[in-house]
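Analysis of the macromolecular model
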Amino acid sequence: MGVVVPVLDPQIAEMAPGFRALSIAVEAAPITNPEIAGQVLTRACASVVAGNPSWAHAHLAAWAEAFKVFGAKPQRTPCSAEALRKRVLRDGSLPSIDPIVDLYNAISLEFAVPIGGENYAAYSGPPRLTVANGTELFDTIKAGLPATEHPEKGEVIWRDEIGVTCRRWNWRQGVRTRLDSNAKQMWFVLESLPAMPLDAFQASGDELMQCLKQMMPGARIEKQMIEFY
């Protein structure tokens, strides 16, 4: 499927100086080793309970400050990496959802880095990280039923030409582009701020790619670092 290059709104650089993303595009193959995801998730949960990595607190605190800039309340709607880590610290582990979802959750936990996983075949146009005007559509589930809502004006969102794919930067993903192991075209976006060491950020992407190749030996994977210049 080639490299996926998301479009970053220049306003994001003002809200979160030093923001960078790793875009990982995957032309999927049959999953022959699904057990790898469980192994990595178990290891990642143990790492979180042990207090690792050393930069976790600083990185998640930086995300909390970035959320405050656009009016979000990080105690109520934390970044995705912090939400996962809170669950592990409370329960000691995460329940299994799906091999692919389990894998990217595990990498997010191990490296204290927000990761989004998307079914790229459901996209219309390139992914865009931008600021909402409040009229965009976001498909979700409420009380067990499909529902549509709108982001708040000024909220940081991921979107495509149809609507919002993730609200409050990386807090909640939409239903339309939700990823699972049946997807043929997968897109992962890893997001970091300067409080996370660059070599650790690169390592998080490399580990995700390595594990994906182990799970799907025939997969074709492309990686691109996205930064503001």
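That block above? That's the structure.
A quick note: this is a predicted structure, and the numbers were derived from the prediction, not measured.

About the thresholds
- Within every chain, residues take consecutive numbers counted from 1 along the sequence as written.
- pLDDT decides what is reported in this predicted model: residues at 70 or higher carry local features, side-chain atom pairs at 80 or more are listed and counted, and totals for whole chains, interfaces and linings draw on all residues regardless.
- Excluding hydrogens and water, the side-chain figures rest on all heavy atoms present in the structure.
- Put simply, DSSP H or I for four residues or longer makes a helix, DSSP E for two residues or longer makes a strand, and each gets a number counted from the N terminus.
- To estimate how far a helix should extend, the number of its residues minus one is multiplied by 1.5 Å.
- Here's how the labels work: a residue is buried when its accessible area is under 20% of the maximum for its type, exposed when over 50%, partly exposed in between, all with a 1.4 Å probe on protein chains only.
- Here, two residues are considered to be in contact whenever any of their heavy atoms come within 4.5 Å of each other.
- Two strands are counted as paired when DSSP detects at least two bridges linking them.
- In this analysis, axes come from line fits to C-alpha atoms, helices being fitted only over the stretch in contact, and the angle between any two N-to-C directions falls in the range 0 to 180 degrees.
- By definition, a salt bridge exists where a carboxyl oxygen of Asp or Glu is found within 4 Å of a side-chain nitrogen of Lys or Arg.
- What qualifies as a polar contact is a pair of N or O atoms within 3.5 Å, subject to a donor-acceptor requirement within protein and to the restriction that residues adjacent in sequence count only when both atoms come from side chains.
- Roughly parallel refers to an angle under 35 degrees, roughly antiparallel to one over 145, roughly perpendicular to one between 65 and 115, and oblique to any angle outside these ranges.
- Polarity classes work like this: nonpolar for Ala, Val, Leu, Ile, Met, Phe, Trp, Tyr, Cys and Pro, charged for Asp, Glu, Lys and Arg, and polar for all others, with Gly in that last group.

What to know about helix 6 (residues 198-215)
With 18 residues, helix 6 extends 26 Å between its outermost C-alpha atoms, agreeing within 8% with the 26 Å of an ideal straight helix rising 1.5 Å per residue. Listing the buried residues of helix 6 in full gives Ala 200, Phe 201, Ser 204, Gly 205, Glu 207, Leu 208, Met 209, Cys 211, Leu 212 and Met 215. Residues of helix 6 that are buried make contact with strand 2 (20-27), helix 2 (35-49), helix 5 (99-111), strand 10 (185-192) and strand 11 (220-227).

As for the sheet that holds strand 11
Taken in spatial order, the four strands of this open sheet run 3-10-2-11, and their pairing is antiparallel. On the outer flanks of this sheet lie strand 3 (115-119) and strand 11, each paired with one strand and no other. The sheet shows a mean angle of 15° between the axes of neighbouring strands, taken without regard to direction. Taken together, the eight bridges between strand 2 and strand 11 define a ladder with antiparallel strand orientation. Residue pairing in the sheet places Leu 22 in a bridge with Met 225 of strand 11. Relative to strand 2, helix 6 is tilted by about 10°, and along the sheet it contacts strand 2, strand 10 and strand 11.

Points about the pattern of salt bridges
Taken as a whole and assessed by the stated rule, the structure comprises 13 salt bridges. The salt bridge partner of Glu 65 is Lys 68, with a shortest N-O separation of 3.2 Å. Pair noted here: Glu 65 and Lys 68 are both in helix 3 (residues 56-69), with a separation of three residues, about one helical turn. Using a relative accessible area of 46% as the deciding quantity, one classes Glu 65 as partly exposed.

Here's the deal with the environment of Tyr 104
The topology assignment puts Tyr 104 in helix 5. As for Tyr 104 and Met 225, which are separated by 121 residues in sequence, their C-alpha atoms are 18 Å apart. Contacts of Tyr 104, omitting those with residues within four sequence positions, involve Ile 115, Gly 116, Gly 117, Gln 173, Leu 179, Phe 188 and Leu 208. Engagement of the side chain of Tyr 104 in a polar contact is seen with the side chain of Gln 173, the distance being 3.4 Å.

Overview of the packing of helix 4 (residues 80-91) against helix 5
Two quantities define a packed helix pair, namely the angle between the axes and the distance from one axis to the other. Closest axis-to-axis distance for the helix 4/helix 5 pair is 9 Å, and the angle between their directions is 85°. By the angle class used here, helix 4 and helix 5 are roughly perpendicular. When helix 4 is examined against helix 5, the residues Ala 81, Leu 84, Arg 85 and Val 88 are found in contact with a partner set consisting of Asn 105, Ser 108 and Leu 109. Split into classes, the residues belonging to the contact of helix 4 with helix 5 amount to four nonpolar, two polar and one charged.

Describing the environment of Ala 81
Position of Ala 81 relative to the elements: it lies in helix 4. Apart from residues no more than four positions distant in its own chain, Ala 81 is found in contact with Leu 60, Ser 108, Ala 112, Val 113 and Pro 114.

Section: unusual backbone geometry
With the exception of glycine, most residues fall at negative phi, and the peptide bonds are largely trans. With an omega of -5°, the peptide bond running from Asn 52 to Pro 53 counts as cis. Secondary-structure assignment places Pro 53 in the loop between helix 2 and helix 3. Even without glycine at this site, Ala 143 takes up a positive phi of about 55°. Tracing the backbone shows Ala 143 in the loop between strand 5 (138-142) and strand 6 (145-149).

Notes on the environment of Met 225
By the secondary structure assignment, Met 225 is in strand 11. Remark: the alpha-carbon pair of Met 225 and Leu 22, spanning 203 residues in sequence, is separated by 4.6 Å. With sequence-adjacent residues up to four places away left out, Met 225 is seen in contact with Arg 20, Ala 21, Leu 22, Leu 198, Phe 201 and Gln 202.

Details of the pairing of strand 8 (residues 164-167)
Taken together, the two bridges between strand 7 (residues 156-159) and strand 8 define a ladder with antiparallel strand orientation. Opposite Arg 159, over in strand 8, you have Val 164 as the bridge partner. Between strand 7 and strand 8, which follow one another and run antiparallel, lie four residues. Where strand 8 lies against strand 9 (residues 172-173), two bridges are found, and the strand directions are antiparallel. Along strand 9, the bridge assignment pairs Cys 166 with Gln 173. Where strand 8 folds back onto strand 9 in an antiparallel hairpin, the turn is made up of four residues, including Arg 168, whose phi is positive at roughly 45°.

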